[in-house]
Structures are given as structure tokens and as C-alpha cells.
Amino acid sequence: MKSRALLGLLADGQVHSGESLAASLGISRTAIWKQIRRAMDEGLRIETIRGKGYRLLTEMDLLDQNQILEGLNAPRRSAIELTVLDEVDSTNAEIVRRRRESVNGRVPVCIADCQTAGRGRRGRQWQSPPGQNLYLSLGLTFRGSFAMLDGLSLVLGVAVAEALEQVGVPEVGLKWPNDIFLAGSKLAGILVELQGELEEGVVQVVAGIGMNIHMTDAAGVDQAWVSLAGALPERRWCRNEVAASVIESVLGAVDDFARKGFGDFRERWQSRDIFAGQELMASQGELAGTGHGIDHSGNYLIATGDELVKVRAGEISLRVRS
Ligand code: BTN
């Protein structure tokens, strides 16, 4: 979105004269007009009122770094390095690049308005249109071994579910290992990627969260999905508020996990399990049974007649038997 600063001024829905917009942005009125035309070509509805100026008719939910930072507790604010971008290939890839350059000890967090090469789990693409959703990545560092990553993936699911509940979303579900579900469809996904090798007991991880906020149609998404605005249209959703809640909740949960391990998270995960008591099967048909929650390490348990079979994240994907 090239005209982001202009849209920031118009976002209040009031009439703004070309002259005042030009003065605020330090450009000519002709340049303002060109940006207005471009924004209209990109699909925004802008009214031109002769002799008065311009009024934005499309409701905008712009990302704003200051608003996101204001939504965080003061200690958290100073513990992170937040970057908000208009466009990037993938916020996960951006965290990897930024980490190579910066060693200031703060947690790098990157949010983008759109991604040109958004990545999903299992090598899938993650549809990332502009102005609609949340694409957020954090660079996390742990002391320990790769074995902790299975638990981490579920901890992140719990943290995102709790962040949504904090901003008033009811009945958030988790689909093992960490898809976030609302009203029976996928609302958000989490991609955990390792950065580099295990060095002196330190593991570096990039955790990327994609959440549908305003999206109403999406070509190329191959599973049932929902957005916050689609499921809960009576509320006006603000990406900055949701982003702050997610950052706060994820970093709080990650601190707890690093200090105390997975123990506390088992019940918090289990209470949101959408597979519990459902007839399930593994994606290749190699296993079928009833959903029985998770064990102390985050493996999923399937009751098959007389035994409980353990399934490890990453090895098998599960779905409800139709
Ligand atoms: C999934 O397949 O369910 C995981 C999707 C994760 C998407 C997010 S969007 C922000 C971050 N950047 C990426 O390229 N992917 C993750």
C-alpha cells in the first residue's frame, strides 16, 4: 500500500482538503491526487467533494506501531524490538534476517500488512492479502534441546487462544497440535521454524502467527476458514489491539514454559481440545480411534479399543472421521 501515510490521515472518515493533506505530507496537491487515484485503483472507496476535498468511505484498520506498543505492559514494551512493515516476503524470513544483523538482546517482533510469500506448515503457502489480517513473527531463544520444540508448539497455541479470549473472543478451540479454531473453522495458524543449529545448549526459534481478522474471501485456501469479523460481525476488530494481546500473551507463556516446562499448559490446552471424544483418523488412514487429549509432553492420545496410542506432532496429522 504505497499511499499508507495518506490513508492514515483519511482513516478518520472526515473530509480533508487536498491542501491540508499536501501540507501534512510535505508533497504537492497533484501528488496527493495521484495517490488518491492509486488507492481507488487498489479498491478503496474515496469520495471527491468538489471545493472541499476527499473523504474515505471504506473502513480502514491500519497497522500502527505506536498503538501496538501502547497496548503492551511497560516492561514488555522495552523487552521487544517491534518492526511494522507494509509488505515483506514472510515475517518469519524477516526475523531471520534481522537477527543476523542485531544483537541488542531484545526479542525481535515483526508484523506486516501483507506478505508476498507467506509460509504455512507442511510447505503450504499462507494467503496474505493486504489490509485484512495479522501476520506476526517473534524470534525466541531457549536454553535446552530440540526436544522442547514439540511442547513449545502447543504452548504457542494456548497463548494465542488466551490472547483472543483477552480481547473478548468466546469459545476459542485448539486443533492438535496448534491450529486455532472458531465456530468450527480455522481462524489462525502457527508456524514454528528452527533458526540455525543447537549451539552451546541455545536453541533459536522463529514463531509465526497468521490470523484472519477482516478477510471475507480468499482464493486458494484449501480448508474451512473463518475470520474474526466473519464470525463476530457485531464487533469492530482492530488489528493493533489483537496484535498487542498476542505479543503479550505469547511472551508471557514462553517465559513460563522456559522456567517451568510444559506441565501447567497441559490443562490449558486440553480444555480447548476440539478433538476430545471425536472419532478421528490419521491423514494416511494408518490409525483410527477416539480423541483422548494430550499427555505430559504434548503428544496426542487416541483410544483404539483397548489401548491408548501416542501420536507425535510433525509425524502424523489428524482429522475427524467423516
Ligand atoms: C499454518 O499452516 O497453519 C501456519 C501458518 C503460519 C502463517 C504465519 S503468517 C506470519 C508468519 N510468516 C509466515 O510466512 N508464516 C507465518
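Structure: above.
Bear in mind the structure is a predicted one, so any value in this text is a computation, not a measurement.

1. Re the packing of aromatic side chains
Stage number 1. For the structure shown, the criterion picks out five aromatic pairs.
Stage number 2. Relative to Tyr54, the ring of Trp33 has its centre 6.4 Å away and its plane inclined at 15 degrees; by these criteria the two rings are stacked. Taken together, the residues Trp33 in helix α3 (residues 29-41) and Tyr54 in strand β2 (residues 53-56) connect sequence positions 21 residues apart.
Stage number 3. Overall, the relative accessible area of 34% leaves Trp33 in the partly exposed class.
Stage number 4. On the basis of an interplanar angle of 65 degrees and a centroid distance of 6.3 Å, the ring pair of Trp269 and Tyr300 is categorised as edge-to-face. One end of the pair, Trp269, is in helix α10 (residues 265-270); the other, Tyr300, is in strand β12 (residues 300-304), and 31 residues separate them in sequence. Summarising the burial analysis for this pair, Trp269 and Tyr300 share the class buried.
Stage number 5. Aromatic rings pair up to connect Trp176, Trp269, Phe275 and Tyr300 into one cluster.
Stage number 6. In this arrangement the basic side chain of Arg235 is found over the ring face of Trp237, its NZ or CZ atom lying 4.1 Å from the centre.

2. Observations regarding the pairing of strand β4 (residues 107-115)
Stage number 1. Among the nine residues of β4, eight are classified as buried, and the element is accordingly described as predominantly covered.
Stage number 2. In this sheet, β4 lies alongside strand β3 (residues 80-88) in parallel orientation, the contact comprising eight bridges. The partner of Val88 across the bridge, within β4, is Gln115.
Stage number 3. Once the chain exits β3 it traverses helix α6 (residues 91-101) before rejoining the sheet at β4, and the crossover so formed is right-handed.
Stage number 4. By the bridge criterion, four bridges tie β4 to strand β5 (residues 134-143) in an arrangement that is antiparallel. Among the inter-strand pairings, Val109 is bridged to a residue of β5, identified as Leu138.

3. Brief notes about the pattern of salt bridges
Stage number 1. Evaluated as defined, the whole model comprises 21 salt bridges.
Stage number 2. Between Arg272 and Glu162 there is a salt bridge; the shortest N-O distance is 3.7 Å. Residue Arg272 is found in the loop between α10 and β10 (279-282), and its partner Glu162 is found in helix α7 (residues 148-166); the two are separated by 110 residues along the sequence.
Stage number 3. Classification of Arg272 as buried rests on a relative accessible area of 13%.
Stage number 4. Shared partners join several salt bridges into a network, and the residues in it are Asp89, Glu94, Arg97 and Arg98.

4. A look at the nonpolar core
Stage number 1. Counting residues in each nonpolar core, the largest one holds 70 residues, and the members touching the most others are Leu136, Trp176, Met211, Ile247 and Tyr300.
Stage number 2. Take this core: its biggest share by element is twelve residues, from α7.

5. Re the sheet that holds β10
Stage number 1. Pairing is antiparallel in the open sheet, where five strands are placed in the order β13-β12-β11-β10-β14. In this open sheet, the two strands that pair with only one neighbour each are β13 (307-311) and β14 (318-320). In this sheet, adjacent strand axes meet at a mean angle of 45 degrees when their direction is disregarded.
Stage number 2. Here β10 runs beside strand β11 (residues 288-294); their pairing, made up of three bridges, is antiparallel. Within β11, the residue paired with Glu279 across the bridge is Thr290.

6. Regarding the site of the ligand
Stage number 1. Taken together, 20 residues are adjacent to the ligand, and Ser90, Gln115, Arg119, Arg121 and Lys186 come closest.
Stage number 2. Measuring from a nitrogen atom of the ligand, one finds a side-chain N or O atom of Thr91 at 3.1 Å.
Stage number 3. Lys186 is positioned with one of its side-chain polar atoms (N or O) 2.6 Å from an oxygen atom of the ligand.
Stage number 4. When isolated, the ligand has an accessible area of 410 Å², and the protein chains bury 98% of it.
Stage number 5. Among the elements of the structure, α6, β5, β8 (185-199) and β9 (202-211) are those that each provide at least two residues to the shell around the ligand.
Stage number 6. When residues in the shell around the ligand are grouped by element, the largest group, four residues, is from β8.
Stage number 7. Among the residues making up the shell around the ligand, the classes are represented as six nonpolar, ten polar and four charged.

Reading the values: rules and limits
Residues numbered from 1 in each chain as written. Predicted model: local features only at pLDDT ≥ 70, side-chain atom pairs only at ≥ 80, totals over all residues. Heavy atoms only, no water. Phe/Tyr/Trp six-rings, centres within 6.5 Å; stacked < 30°, edge-to-face > 60°. Helix = DSSP H or I, 4+ residues; strand = E, 2+ residues; numbered from the N terminus. Buried < 20%, exposed > 50% of the residue type's maximum accessible area, 1.4 Å probe, protein only. Lys NZ or Arg CZ within 6 Å of the ring centre and 35° of its normal. Pairing = 2+ DSSP bridges. Right-handed = clockwise from strand over helix to strand, strands pointing away. Salt bridge = Lys/Arg side-chain N within 4 Å of Asp/Glu carboxyl O. Core = buried A, V, L, I, M, F, W, Y, C linked by side-chain atoms within 4.5 Å. Axes fitted to C-alpha atoms, helices over the stretch in contact; angles between N-to-C directions. Near = heavy atom within 4 Å. Polar contact = N/O pair within 3.5 Å; in protein donor to acceptor, adjacent residues only side chain to side chain. Areas by Shrake-Rupley, 256 points an atom, 1.4 Å probe, with all protein chains shown as cover. Nonpolar A, V, L, I, M, F, W, Y, C, P; charged D, E, K, R; others polar.

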